[in-house]
Each structure stands twice: as structure tokens, then as C-alpha cells.
Amino acid sequence: STDFAQMYTAAGNAIHQIDPEALIICEGLGYAADLTSVAAHPVKLTEPDKVLYSMHDHPWFHPTDQPQQAYLTAMDTKGGYLLEKGTAPVWIGEFGIDEGGMANFGLGPTSQAGNANTGAWWANIYAWITQHDADWCWWGLNPLHGQATTPATGKLQFNWGDRAGEGVLTADWSGVANPAVLDLFKDIMAPRTGPGI
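Computed from a predicted model, the values in this text were never measured in an experiment. (Residues numbered from 1 in each chain as written. Predicted model: local features only at pLDDT ≥ 70, side-chain atom pairs only at ≥ 80, totals over all residues. Heavy atoms only, no water.)

> Where do I start with helix α3 (residues 117–132) in this structure?
Spacing of three or four residues puts side chains on the same side of an α-helix, whose turn is 3.6 residues. Its 16 residues give α3 an end-to-end C-alpha distance of 24 Å, which sits within 8% of 22 Å, the value for a rise of 1.5 Å per residue. All of the buried residues in α3 are Thr118, Gly119, Trp121, Trp122, Asn124, Ile125, Ala127, Trp128, Ile129, Thr130 and His132. Looking at the buried positions of α3, the neighbouring elements they touch are β2 (51–57), α2 (68–84), β3 (90–95), β4 (135–138) and α4 (179–189). A positive phi of about 50 degrees marks aspartate 133, the residue just after α3. (Helix = DSSP H or I, 4+ residues; strand = E, 2+ residues; numbered from the N terminus. Expected span 1.5 Å × (residues − 1). Buried < 20%, exposed > 50% of the residue type's maximum accessible area, 1.4 Å probe, protein only. Contact = heavy atoms within 4.5 Å.)

> Would you take a moment to explain the layout of surface pockets for this structure?
What the largest pocket holds in volume is close to 910 Å³. Around the largest pocket, the lining is made up of 30 residues, and of these Trp60, Glu94, Trp139, His145 and Phe158 lie nearest the centre. Those elements that place two or more of their residues in the lining of the largest pocket are β5 (148–149) and β6 (156–158). Space inside the second largest pocket adds up to approximately 270 Å³. The element contributing the most residues to the lining of the second largest pocket is helix α1 (residues 4–18), with three residues. Classifying every residue of the lining of the second largest pocket by side-chain character gives nine nonpolar, five polar and three charged. (1 Å grid on protein atoms, 1.4 Å probe; cavity = no way out; pocket = protein on both sides within 12 Å on 5 of 7 lines; lining within 4 Å. Points joined across faces, edges and corners; volume = space filled by probe spheres on them. Nonpolar A, V, L, I, M, F, W, Y, C, P; charged D, E, K, R; others polar.)

> I tried to follow the sheet that holds strand β1 (residues 24–27) on my own but got confused; where do I start?
Note: strands within a sheet are paired through backbone hydrogen bonds, in either parallel or antiparallel orientation. Here we have four strands laid out as an open sheet, ordered β1-β2-β3-β4, and parallel in their pairing. Where the open sheet ends on each side, the last strands, each with one partner, are β1 and β4. Here the strands of the sheet are splayed against their neighbours by 30 degrees on average, with no regard to which way each runs. With four bridges joining them, β1 and β2 adopt parallel strand pairing. For isoleucine 25, the partnering residue across the bridge sits in β2 and is leucine 52. (Pairing = 2+ DSSP bridges. Axes fitted to C-alpha atoms, helices over the stretch in contact; angles between N-to-C directions.)

> What am I meant to see in the packing of α3 against α4 here?
Interhelical geometry of α3 versus α4 gives an angle of 30 degrees and a closest axis separation of 10 Å. Taken together, α3 and α4 sit at an angle that is classed as roughly parallel. Along its contact with α3, which presents Trp122, Tyr126, Ile129 and Thr130, the element α4 presents Leu184, Asp187 and Ile188. Across the contact of α3 with α4, the residue classes break down as five nonpolar, one polar and one charged. (Parallel < 35°, antiparallel > 145°, perpendicular 65-115°, else oblique.)

> Help me out: how do you make sense of the packing of aromatic side chains in this one?
Pairs of aromatic rings are described using the distance from one ring centre to the other and the angle between the two planes. Counted by the stated rule, this structure contains 11 aromatic pairs. An angle of 55 degrees between the planes, with centres 5.7 Å apart, marks the rings of tryptophan 136 and phenylalanine 185 as tilted. Here phenylalanine 185 lies in helix α4 and tryptophan 136 lies in strand β4, a separation of 49 residues in the sequence. The class of tryptophan 136 is buried, set by a relative accessible area of 16%. Of the residues examined, phenylalanine 185 reaches a relative accessible area of 4% and is grouped as buried. (Phe/Tyr/Trp six-rings, centres within 6.5 Å; stacked < 30°, edge-to-face > 60°.)

So this is what it looks like as C-alpha cells:
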């Protein structure tokens, strides 16, 4: 009941019986932030080269104003080592912060909507993503929350329709909430290694 590698192996092989081309995404432990056990317990599927490991990362996963070298070391220890050694692909399947103020990215004055402390995290993850040419997915596109509770406690965190500060879109879904953030995304979308670079 606690062997995640076995669970992903069994589920992945079952999926491959239906679609042998499917890519099996395997998240880490600790809110998907920890892939340290993959080296000792890799997911081994009958279809080769169909496993992708996924990590999540947010500012609250790290100390406030964490020095960049400490951040890079932590990310490499938690899962980046799989990329460095060519063991398996790693995808940042979720990362994000409130887009309300550019202070959140260390690029504007602190305001009611901004948090300058997250600027250090942004600089750090930007450095890690660009150094590893890692692929990623921003959390999230949706500008509004669904009803959400805290795991384990059941405490209500959000009601239906509450603003989702990390959402890319405007509340009416008609445009981009913060175009300057989209420019930041475009910069880390560009591949830095591989064929044709």
C-alpha cells in the first residue's frame, strides 16, 4: 500500500496494454516535490522509455530568501539528479506564485498584491529551469478557484469562484491577467539544448 514505484509500474503496464505509446508520468512524494528514492526504486515498465518523473515546486517548499546555490543543490538532490545523469526525463509538473504584482517575481515594488520574498524563489527556479533546460507547467491557467480544503485537516481554504492569484487568465477568461508574466514564461519556454539549437 506504500510502494509507489510498484503502483506506478502496475498502473503504467496496465495503461500500456491499451496504448503502448502512452507516456507514464510519475510524481514524487511530499506534495510531488521529492524524487530522491527514484534512483534506488525506479519505475520499470515493459514498454521502454515511457516514464517521465514529475516534480512540483513553490516558494513555500523552500526557506525565505534561499541563496541560489542552496536552492539549486536542493532541486538537484530532490530530482534534478535524474536529468544530470541522463537517468530519466524530469518535468516540473506544477510551479507558480500569485501573479498580481511583479514584486512576486522580484521585478517590481512591493504592493498589497506583491510579495518581494517570492522574488528570490523566482530567480532561483528560473536559474534551475534554464540550466537544465527543464520542461514545466505553470500552476495554473484557471483564474478562479473551485472549493478546496486543506488535506488532513479538512479546513476550507477556498470557495467556488474565489480569485486564483496564480491563474494566467483574467477572471472572465477573456485574456491574460498579467501580460508581463507571459513574457517571463516565453523566456523560459525557449529550448536551450537539443537538435537545432
